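Observations on the model geometry
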Amino acid sequence: MPFQHKRQTKIYYTYADYASLPEEERCEIIDGVLYMQAAPSRIHQEILMELSRQIANYLAGKPCKVYPAPFCVRLPDGDEKSDEDIKTVVEPDISIVCDQSKLDGRGCIGAPDMIVEITPPSSARKDRLEKFYKYEKAGVKEYWIVEPEEKLVSVFVQGDNNRYGRPDIYTEGDEIKVSIFPDLVISLKNIF
């Protein structure tokens with residue numbers, strides 16, 4: 001649900017607004033609309049930790065890095081030159097970044113190589129529609145949507161046309177071969 005900050009009534013928000021909010025306020029900005037985020041559930045955090053652990057173990061000693069939330073990802077639409085111009089700021093549950101030039105002290109500017117969103121029913125629409133198209137347009141090579149209640153993982157991989165194809169769907173007990181790392185297999189046995 002869009003959020004109107006009590007002190008301001010703005011038509012759209014930017015990364016500069018995001019950076020000025022108190023640290024304890026969890027939010028994202030998509031196309032200039034500010035969305036407040038509730039604290040994640042215990043199950044959400046358990047899934048986040050296990051997925052992050054499996055990925056981090058694989059990436060140890062490699063140039064790519066895994067960043068669990070909270071981790072700021074700024075997605076410019078193209079020609080933004082300053083923080084006041086960037087109108088999409090997200091905090092994916094897991095971001096994997098291989099291009100170290102995209103990293104700065106505030107997070108990542110540009111598309112991570114892979115993003116994982118652990119979706120409660122309250123944010124499923126935002127993750128399946130709004131973020132999906134933002135991630136696709138930005139060039140996120142692999143996008144996972146994890147649905148804890150249904151015990152499902154939808155994996156979207158960008159094709160040669162820079163579009164996501166039909167998702168591969170996995171459930172508890174399955175193993176997922178990560179497309180951006182051909183020898184990384186994530187076991188869902190300990191996830192759900």
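Scroll up for the structure.
1. Side note on the packing of aromatic side chains
The tally for this structure, following the rule as stated, stands at 11 aromatic pairs. Ring plane angle 10° and centroid distance 4.3 Å describe the contact between tyrosine 67 and phenylalanine 71, whose orientation is recorded as stacked. Where phenylalanine 132 meets tyrosine 133, the ring centres are 5.1 Å apart and the plane angle is 85°; that geometry is what we call edge-to-face. What links up through ring pairs into an aromatic cluster is the set Phe132, Tyr133, Tyr135, Tyr143, Phe156 and Tyr164. The ring of tyrosine 12 has lysine 87 sitting right over it, with the charged end atom 5.5 Å from the ring centre.

2. Some points on the pattern of salt bridges
Applying the stated criterion across every chain yields a total of 15 salt bridges. When the shortest N-O distance is used, the salt bridge between lysine 131 and glutamate 28 registers 2.9 Å. Of this pair, lysine 131 sits in helix α3 (residues 124-138) while glutamate 28 sits in strand β1 (residues 27-30), and the two are 103 residues apart along the sequence. Look at lysine 131 and you get buried, because its relative accessible area is 2%. Taking relative accessible area as the criterion, glutamate 28 reaches 0% and is therefore assigned buried.

3. A word on the sheet that holds strand β12 (residues 168-171)
As summarised here, the arrangement of the six strands in space is β3-β6-β9-β10-β11-β12, forming an open sheet in which the pairing is mixed. One side of each edge strand has no neighbouring strand; the edge strands of this open sheet are β3 (65-68) and β12. Each neighbouring strand pair of the sheet contributes to a mean axis angle of 15°, computed without reference to strand direction. For strand β9 (residues 114-118) and strand β10 (residues 142-147), the ladder comprises five bridges, and the chain directions are parallel. Residue pairing across strands places methionine 114 opposite glutamate 142, the latter belonging to β10. Relative to the sheet, α3 contacts β9, β10 and β11 (152-157), its axis offset from that of β10 by approximately 165°.

Each value, and the rule that gives it
Residues numbered from 1 in each chain as written. Predicted model: local features only at pLDDT ≥ 70, side-chain atom pairs only at ≥ 80, totals over all residues. Heavy atoms only, no water. Phe/Tyr/Trp six-rings, centres within 6.5 Å; stacked < 30°, edge-to-face > 60°. Lys NZ or Arg CZ within 6 Å of the ring centre and 35° of its normal. Salt bridge = Lys/Arg side-chain N within 4 Å of Asp/Glu carboxyl O. Helix = DSSP H or I, 4+ residues; strand = E, 2+ residues; numbered from the N terminus. Buried < 20%, exposed > 50% of the residue type's maximum accessible area, 1.4 Å probe, protein only. Pairing = 2+ DSSP bridges. Axes fitted to C-alpha atoms, helices over the stretch in contact; angles between N-to-C directions. Contact = heavy atoms within 4.5 Å.

Function cannot be inferred from these measures alone, as they are strictly geometric.
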